[in-house]
Amino acid sequence: MIKIAPSILAADFAFLGEQVTLAQDAGADLIHIDIMDGRFVPNITMGPAIVEAVAKLATIPLDVHLMIVEPDRFVQRFADSGADSITVHVEACPHLHRVLGQINDVGCRPGVALNPHSPASALREVIEMIRIVNVMTVNPGFGGQRFIGGMSGKISELRAMVDSSGSEIEIEVDGGINAATISVAEAAGATIAIAGTCVFQHRKGIAAGIEELRQAAAPTRKNACA
């Protein structure tokens, strides 16, 4: 069963604590937190203080995604704030091996994100150090974008790479996930769906948004078992 990780980027920050609690109560598996610095991506979002605030309420893991330059400077701060996993971008890390070791040393699960133009092969030399691969299915920086259909091939390629490595690695899809695209991502081999707008801005509420995603993914699971 694919895991659901609501992204608080799409939440109403006037009621952030309440919305995180509603997502948890509705069965979310993780809370995804997008950190943007206005340099690596053209947007500025939040920092360690928000992670720390969410950590006080969260009973499920916090999946922190650093869309920032020089992420190695902030690994310890986000770990101290309550991150369970920390994902960095291969494009932002000239010394990726070192940064992944740093994340592991502070007690967090190391993750690597790939922008749409970056090939799956970019992770081949560090695959043994990774616990999460985040496949960006939009160009990062803003929520509410459309899923780039061509990314399903990359997800499948990463699925094969992960399986051949023998490592326990989650494959996340991040961007444009909704009831129409979650089954595509799952069929390609994803194990975590990061969803923002379709959860926190669902017309019937957060619980309905999560349930809609689960129901949309269910046919894929049935077909896989047939």
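These numbers were taken from a predicted model, which means no experiment stands behind them.

## Some words on the sheet that holds strand S4 (residues 85-89)
Sheets are built from strands that pair by backbone hydrogen bonding, the pairs being arranged parallel or antiparallel.
Alright, step 1. Pairing in this open sheet of eight strands is parallel, and the strands run S1-S8-S7-S6-S5-S4-S3-S2 from one edge to the other. Every interior strand has two partners, whereas the edge strands, strand S1 (3-6) and strand S2 (31-36), have only one. Ignoring which end each strand starts from, the neighbouring axes of this sheet average 25° apart.
Alright, step 2. Two strands pair when backbone bridges link them, and S1 and strand S8 (residues 192-195) are joined in this way by four bridges, in the parallel orientation. Its bridge partner lying in S8, proline 6 is registered against alanine 195.
Alright, step 3. Each of S4 and strand S5 (109-114) is contacted by helix H4 (residues 96-105), which is oriented at about 145° to S5, the strand it contacts most.

## Side note on the side chain of histidine 202
Alright, step 1. Take histidine 202: it is sitting in the loop between helix H7 (197-200) and helix H8 (206-225).
Alright, step 2. The class for histidine 202 is buried, based on a relative accessible area of 13%.
Alright, step 3. There is a polar contact of 3.0 Å between the side chain of histidine 202 and the backbone nitrogen of lysine 204.
Alright, step 4. Within the local environment of histidine 202, its side chain forms a polar contact with the side chain of glutamate 212, the two groups lying 3.1 Å apart.
Alright, step 5. If we ignore the near neighbours within four places in the chain, the residues touching histidine 202 are Thr197, Ala208, Gly209 and Glu212.

## Details of the state of the cysteines
Alright, step 1. Following the criterion strictly, the structure yields zero disulfides and no others.
Alright, step 2. Free cysteine cysteine 93: the closest other cysteine sulfur is in cysteine 108, separated by 15 Å.
Alright, step 3. We classify cysteine 108 as buried; its relative accessible area is 5%.

## Thoughts on the environment of glycine 107
Alright, step 1. Mapped onto the secondary structure, glycine 107 falls in the loop between H4 and S5.
Alright, step 2. Residue glycine 107 is classed as exposed on the basis of its relative accessible area of 62%.
Alright, step 3. Residues glycine 107 and threonine 181, spaced 74 residues apart in sequence, show a C-alpha to C-alpha distance of 33 Å.

## Details of the pairing of strand S7 (residues 170-174)
Alright, step 1. For S7, the buried fraction is high: five of the five residues fall into the buried class.
Alright, step 2. Here S7 shows two buried faces, one formed by Glu170, Glu172 and Asp174 and the other by Ile171 and Val173.
Alright, step 3. Taken together, the five bridges between strand S6 (residues 132-136) and S7 define a ladder with parallel strand orientation. Looking at the pairing, methionine 136 lines up with aspartate 174 of S7.

## What about the environment of isoleucine 169?
Alright, step 1. For isoleucine 169, the location among the structural elements is in the loop between helix H5 (151-165) and S7.
Alright, step 2. On the accessibility criterion, isoleucine 169 (6% relative accessible area) is buried.
Alright, step 3. Residues isoleucine 169 and glycine 196, spaced 27 residues apart in sequence, show a C-alpha to C-alpha distance of 22 Å.
Alright, step 4. Setting aside chain neighbours within four positions, we find isoleucine 169 in contact with Ile127, Ile130, Arg131, Ile132, Val133, Arg159 and Val162.

## Looking at H4
Alright, step 1. Three or more residues of H4 are buried, namely Leu96, Val99, Leu100, Gly101 and Ile103.
Alright, step 2. Buried-residue contacts for H4 involve helix H3 (75-81), S4 and S5.
Alright, step 3. A positive phi of about 90° marks glycine 107, the residue just after H4.

Definitions and limits used
Residues numbered from 1 in each chain as written. Predicted model: local features only at pLDDT ≥ 70, side-chain atom pairs only at ≥ 80, totals over all residues. Heavy atoms only, no water. Pairing = 2+ DSSP bridges. Helix = DSSP H or I, 4+ residues; strand = E, 2+ residues; numbered from the N terminus. Axes fitted to C-alpha atoms, helices over the stretch in contact; angles between N-to-C directions. Contact = heavy atoms within 4.5 Å. Buried < 20%, exposed > 50% of the residue type's maximum accessible area, 1.4 Å probe, protein only. Polar contact = N/O pair within 3.5 Å; in protein donor to acceptor, adjacent residues only side chain to side chain. Disulfide = S-S within 2.5 Å.

It is worth stressing that arrangement in space is one thing and function is another; only the former is reported here.
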